[in-house]
Amino acid sequence: RKAALYATLFATLLCVVIALLTNLWAAKYHLSLPSVQITAGLILIIWSLDTIFRPSQAADEEGEIGSAVQLALSPLATPTIVTPAGVAAIMVTILFASAAPDSEKIYASAAIALAVVMALNFLTMYFIEVITRAAWLLPVLRVLGAVLVVVQAAFGVQVMLNGLAGLGVIEL
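## Considerations on the packing of aromatic side chains
The relative placement of two aromatic rings is captured by the distance of their centres and the angle of their planes.
Here's step 1: Under the definition given, this model contains three aromatic pairs.
Here's step 2: An angle of 80° between the planes, with centres 5.0 Å apart, marks the rings of Y126 and F127 as edge-to-face.
Here's step 3: Taken together, the ring pairs in this structure connect F122, Y126 and F127 into an aromatic cluster.

Next comes the structure, spelled out in structure tokens:
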């Protein structure tokens, strides 16, 4: 339970740091919003396809667990909570907001979304024993996960199309 709290705090901090550094990285490396959109879309698609086609893996029960802080940093905070797809989504959101006339609203919405996602992550980790004991819940979560991974792949395609439209390659 300590690991759940630490992982949530570390992951939230990591997301905030990524958000704060995105414009700096974009300026330093001359990254346009469309180029980050195309990259993010590709990452979202690959991540989704990996989830769909990866064989299920049983938990390694013989491995050492380590302290709550070690467990919270890895594998929980990274790469389980803050995935490469999540980093891509944060960067696109921040770059989009920076160019939008109503950027304050977008930043506020992103902050609220981050708080909700992190709260759900925390609650899931905190109550994982209860969740896994509910036999009826696991199949429901698997179906929901399958639906969401397809939505994520479709979102990845849309983000790529938006990037291509932003470069003038296609018209949406």
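Still to come is the rest of the account.
## Focus: the environment of T39
Here's step 1: Mapped onto the secondary structure, T39 falls in helix α2 (residues 33–53).
Here's step 2: With relative accessibility at 43%, the residue T39 sits in the partly exposed group.
Here's step 3: Placed 53 residues apart in sequence, T39 and V92 show a C-alpha to C-alpha distance of 9.5 Å.

## Things to note about the nonpolar core
Here's step 1: In terms of nonpolar packing, the biggest core is built from 19 residues, with I81 and V82 touching the most fellow members.
Here's step 2: Put simply, the parts of the chain that give this core at least two residues each are α1 (2–28), α2, α4 (84–99) and α5 (103–126).

Analysis parameters
- Residues numbered from 1 in each chain as written.
- Predicted model: local features only at pLDDT ≥ 70, side-chain atom pairs only at ≥ 80, totals over all residues.
- Heavy atoms only, no water.
- Phe/Tyr/Trp six-rings, centres within 6.5 Å; stacked < 30°, edge-to-face > 60°.
- Helix = DSSP H or I, 4+ residues; strand = E, 2+ residues; numbered from the N terminus.
- Buried < 20%, exposed > 50% of the residue type's maximum accessible area, 1.4 Å probe, protein only.
- Core = buried A, V, L, I, M, F, W, Y, C linked by side-chain atoms within 4.5 Å.

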